[in-house]
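Remarks on the overall topology
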Amino acid sequence: MTSFTVWSPLVGGALIGASASMLLLLNGRIAGISGIVGGLLRPEEGEVSWRAMFAAGLLAGGAILHRWAPASFGAPTVSMPLVIVAGLLVGFGTRLGSGCTSGHGVCGLARLSRRSLAATLTFMATAAITTFVVRHLLGGGP
Amino acid sequence: MRRTDLVAFAAGLVFAIGLGVAGMTQPPKVLAFLDVAGAWDPSLAFVMVSAIGVLKNDRSRNAAPTVTAVSASNRR
């Protein structure tokens, strides 16, 4: 059970939007996490260092949260092997859909891309259905 | 170090802090957002609304003609 919050999501979302703005206006790049990290696995000339630095920034941000706001991560709800499998599935799925929540859901929707709208509606609906099946039909999951 | 690398690092850092502040790093919160048939917690909808609002506002104030070319070449 989680409690409804408004201000922290709004502030966090504003930071995400500011990050995407920074990357777009200063570097001319779309802040799609899956695409940025995916590009590291298929290295192209001149495309590696900024992607690696963005990923390093993400990890540094995670380290800062872990140090000064450990509650941001909460207690682990599933085992580590399951987390690894889930992470691999997220990576596979986001490349299959050529974008993730940040690329399609934030950057794509902000530029009124119909393709991103279709992608966002699809993955949100699919995630909700998956949650429904796992939690309410199978009675499993955290 | 090149300027684009510094910008990318700063953007990644701010993005991660934003995820944490928003509550998106807490799996129970994300699951509660997706669990529309259970104890639905719509909080995380505000994350997307806010992020899009900030990005859209910045974009309209700084018309960037390179955007379409960039997004076409940069598969998300």
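Each chain carries its own residue numbering, running from 1 in the written order of its sequence. Here chains are named by letter from A upward and ligands by number from 1 upward, in the order in which they appear as written. Per-residue local features are limited, in this predicted model, to residues with pLDDT of at least 70; the limit for side-chain atom pairs, both in listing and counting, is 80 or more; totals at the level of whole chains, interfaces and linings are taken over all residues.

1. Here we look at the overall build of chain B
Of the regular secondary structure elements, chain B holds four helices and zero strands. Working definition: helices are DSSP H or I runs of at least four residues, strands are E runs of at least two. Numbering for both runs from the N terminus. Secondary structure elements in chain B, listed N-terminal to C-terminal, are α-α-α-α. With C-beta atoms placed from the backbone, a residue counts as buried when 20 or more other C-beta atoms lie within 10 Å of its own, as exposed when 12 or fewer do, and as partly exposed for counts between those limits. Relative to its 76 residues, chain B shows a buried fraction of 49%.

2. Brief notes about helix α1 (residues 7-27) of chain A
In this analysis, the expected span of each helix is defined as 1.5 Å times one less than the number of residues it contains. Relative to the 30 Å expected for 21 residues at 1.5 Å per residue, α1(A) spans 29 Å between its end C-alpha atoms, a close match to the ideal helical length. In the stretch just after α1(A), A:G28 is the one whose phi turns positive, near 70°.

3. Thoughts on the nonpolar core
A:A20, A:V106, B:A11 and B:A51 are the most contacted members of the largest nonpolar core, which has 43 residues in total. The element that contributes the greatest number of residues to this core is helix α1 (residues 3-22) of chain B, accounting for 12 residues. In this structure, A:A20 is in contact with A:A31, A:V106, A:C107, B:A51 and B:L55, ignoring residues within four places of it in sequence. Put simply, a nonpolar core is a cluster of buried Ala, Val, Leu, Ile, Met, Phe, Trp, Tyr and Cys residues tied together by C-beta atoms within 7 Å. Placing C-beta atoms from the backbone, we regard two residues as in contact once those atoms come within 7 Å.

4. Some thoughts on the confidence of the model for chain A
How sure the predictor is of each residue is captured by pLDDT, a score from 0 to 100. Predicted confidence across chain A gives a mean pLDDT of 92, with 98% of residues reaching 70 or more. Confidence, read as mean pLDDT per element, is least for helix α5 (residues 101-110) of chain A in chain A (90) and greatest for helix α3 (residues 49-68) of chain A (96).

5. Some words on unusual backbone geometry
Residue and element names in this part refer to chain A. At S98, a residue that is not glycine, the phi angle is positive and equals roughly 45°. Since 17 C-beta atoms lie within 10 Å of it, S98 is described here as partly exposed. Its identity as a non-glycine residue notwithstanding, L112 has a phi of 55°, on the positive side.

6. Here we look at the interface of chain B and chain A
Taken together, the 59 residues of chain B in the interface contact 67 residues of chain A. Here the element with the most residues in the side of chain B that touches chain A is α1(B); it accounts for 18 residues. Amino acids are sorted into nonpolar (Ala, Val, Leu, Ile, Met, Phe, Trp, Tyr, Cys and Pro), charged (Asp, Glu, Lys and Arg) and polar (every other residue, Gly among them). Counted by class, the side of chain B that touches chain A contains 35 nonpolar, 15 polar and nine charged residues.

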